[in-house]
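Single-letter residue listing:
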Amino acid sequence: VTITTRMLVSHLSGIRHYEKDITKVKEEKEKANRALKPTKSHQDKEQKEKEGKGIEKTDCVKQKKEHDSETKCRHSKPGRNNKEFEQEEYYLKEKFESVIESLKIFKNDPLFFKPGSQFLYSTYGFTLLSAVVERASGQKFTDYMLKMFRDLDMLSTVLDDNEAMIYNRARCYIYNKKGRLVNAPYVDNSYKWAGGGFLSSVGDLLKFGNALLYSYQAGQFKNRNGQLLPGYLKPGTVAMMWTPVPQTEVSWDRDGKYAMAWAVVEKNQQYGCCRQQRHYASHTGGAVGASSVLLILPEELEPEALDTWSVAPPRGVIVTIICNMQSVSLNSTALKIAREFDREKRAQ
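The structure presented is a predicted model; accordingly, all values stated were derived computationally and were not measured.

Peer 1: I would appreciate a short explanation of the overall build of the protein chain in the present structure.
Peer 2: Secondary structure assignment for the protein chain yields eleven helices and nine strands. Buried residues in the protein chain amount to 35% of all 348 residues. Counting only contacts in the protein chain whose residues sit at least 6 apart along the sequence, the fraction spanning at least 24 positions is 66%. Accessible surface, the protein chain: about 21,500 Å² in total, of which carbon and sulfur atoms supply 52%.

Peer 1: How do you make sense of the sheet that holds strand E5 (residues 257-258) when you look at a structure like this?
Peer 2: The strands making up a sheet are joined through hydrogen bonds of the backbone, oriented either antiparallel or parallel. The antiparallel open sheet is built from five strands, whose spatial order is E5-E6-E7-E8-E9. Edge strands, defined here as strands with exactly one partner in the open sheet, are E5 and strand E9 (316-323). Note that strand E7 (residues 280-287) and strand E8 (residues 290-298) share seven bridges and pair antiparallel. Paired with Ala-281 across the bridge in E8 is Ile-296.

Peer 1: Please explain the state of the cysteines as it appears in this structure.
Peer 2: Each disulfide is one covalent bond, formed between the sulfur atoms of two cysteines. Inspection of every chain in the model, using the stated rule, returns zero disulfides. Free of any disulfide, Cys-273 has its nearest cysteine sulfur in Cys-274, 6.9 Å distant.

Peer 1: I keep staring at helix H8 (residues 202-218) and nothing clicks. Help me out?
Peer 2: Residues three or four positions apart in an α-helix share a direction because the helix packs 3.6 residues into each turn. Under the 1.5 Å per step criterion, the end-to-end length of H8 is 24 Å for 17 residues, consistent within 8% with the ideal 24 Å. When H8 is considered as a whole, its buried residues turn out to be Asp-204, Leu-205, Gly-209, Leu-212, Leu-213, Tyr-214, Ser-215, Tyr-216, Gln-217 and Ala-218. Each element contacted by the buried residues of H8 is listed here: helix H9 (235-241), E8 and E9.

Peer 1: Explain the pairing of E7 to me, please; I cannot follow it from the model alone.
Peer 2: A regular strand carries its side chains on alternate faces of the sheet. Two elements, strand E6 (residues 263-265) and E7, share three bridges in a ladder whose sense is antiparallel. Counted as the bridge partner of Ala-263 is Ser-282 from E7. If you look at the hairpin formed by E7 and E8, you'll find two residues sitting between the two strands, and Gly-289 has a positive phi there, around 90 degrees.

Peer 1: Just to check I follow, could you spell out the nonpolar core for this structure?
Peer 2: With 39 residues, the main nonpolar core has Tyr-124, Leu-212, Trp-242, Trp-262 and Ile-296 as its most contacted residues. Among the secondary structure elements, those contributing two or more residues to this core are helix H1 (5-9), helix H5 (123-137), helix H6 (141-151), H8, H9 and E8. With four residues, H5 is the largest single contributor of residues to this core. Once residues within four sequence positions are removed from consideration, Ile-296 is found in contact with Gly-209, Leu-212, Leu-213, Trp-242, Trp-262, Tyr-280, Ala-281, Val-317 and Ile-318. Counting residues in hydrophobic clusters, the runner-up holds twelve residues, among them Val-293, Leu-295, Leu-297 and Val-317.

Peer 1: Sorry if this is basic, but what is going on with the packing of aromatic side chains here?
Peer 2: Two aromatic rings, taken as a pair, are described by how far apart their centres are and by the angle between their planes. Throughout the structure, instances matching the rule amount to eleven aromatic pairs. Note on Tyr-18 and Tyr-90: the rings are 4.1 Å apart at their centroids and 25 degrees apart in plane angle, and the pair reads as stacked. Of this pair, Tyr-18 sits in the loop between H1 and helix H2 (22-36) while Tyr-90 sits in the loop between helix H3 (40-75) and helix H4 (99-102), and the two are 72 residues apart along the sequence. A ring pair is formed by Phe-106 and Tyr-124, whose centres lie 5.0 Å apart and whose planes are at 20 degrees; its orientation type is stacked. Pair noted here: Phe-106 is in the loop between H4 and H5 and Tyr-124 is in helix H5, with a separation of 18 residues, a long-range link. Of the two residues examined, Phe-106 and Tyr-124, each falls in the buried class. Feature note: the residues Tyr-18, Phe-85, Tyr-90, Tyr-91, Phe-106, Tyr-124 and Tyr-191 constitute an aromatic cluster, connected by ring pairs.

Scoring rules and cut-offs
Here the residue numbering is sequential within each chain, running from 1 through the sequence in written order. Under the rules for a predicted model, residues below a pLDDT of 70 receive no local features and side-chain atom pairs below 80 are neither given nor counted, while totals for whole chains, interfaces and linings still include all residues. No hydrogens and no water enter the side-chain calculation; it runs on all heavy atoms of the structure. Helix and strand definitions follow DSSP, with helices as H or I runs of at least four residues and strands as E runs of at least two, each counted in order from the N terminus. Buried means the residue's accessible area, taken with a 1.4 Å probe over protein chains only, is under 20% of the maximum for its type, while exposed means over 50%, and partly exposed covers the values in between. Throughout, a residue-residue contact means that at least one pair of heavy atoms, one from each residue, lies within 4.5 Å. Here, Shrake-Rupley sampling with a 1.4 Å probe gives the accessible areas, and only protein chains in the shown set may cover a residue. When DSSP locates at least two bridges between a pair of strands, those strands are taken to pair. Two cysteine sulfur atoms make up a disulfide if the distance between them is within 2.5 Å. What a helix is expected to span follows from its residue count: subtract one and scale by 1.5 Å. As used in this record, nonpolar core signifies buried Ala, Val, Leu, Ile, Met, Phe, Trp, Tyr and Cys residues forming a set joined through side-chain atoms within 4.5 Å. Classification of ring pairs uses Phe, Tyr and Trp, with its six-membered ring standing for Trp, and accepts pairs whose centres are within 6.5 Å; under 30 degrees between planes counts as stacked, over 60 as edge-to-face, and the remaining range as tilted.

Take a look at the structure:
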């Protein structure tokens, strides 16, 4: 088979994640799909409610369900039902000297499917991707990334190295089986630098989001006398990164598709005066004892604004949350915050 870097960056390679048993992976996928699709009897019941009791009643029921769901999420213990963190490989303590060395964890394991045919989120796919970056750049992957972070002025973003003294490094927490808050266990993330091995701050992630949003929008603005500096990436590169890829899916937003290392929701509205989807890009992060999200909501720019100097990129809302607690769902919270700021901005 052939595995391309684009397959790796969109999780279409067939390389496994932490679960080695393909049967269990298929069962979990089927269970998730069933949860997203209401049964026929449930659909019929909803239709009868609409016809017999009117749309106002249906809206009330929907609002109550959403409220109950949110209440349940608020009062549930993070990490209690997350089966992914039951995988042993999350808790590796072995030190790997290079990304090439860490390939030995999975390099002899069978692929779960033909590359390009299905989506399976894979941290190890990104470990292989980091090896590609290392060979293509001729530099050690970690050195290459740290130079890039310096270019982006992300001076607080470093390797999650247990031995290094890192200023303001937070303690991480989990809930144990009895539901008590305890310190997260010791792990060594040198086997997955690219897929979860960096420490950062809210300020640095905001800089990263602004750099990407600036790059995405820079080509849209009229550049008078070269006064507008180029973005860190070409506009077309970011647009390509934020273009949904067929065969993909996103666990944290059912409206989204996976793109190139980003989850993307496209602008969409099917009916007048009804639900609107705004274009945004986001990614969540989950580690032993920590959770995070970075969400970028570009502003919908008017054509006349692009020809004036009254506005300049980046234009939009960027939300990032870092939490030193395992298995905290943050994407929906980030999206609500982004929408509130966007609504306030448009009202001005």
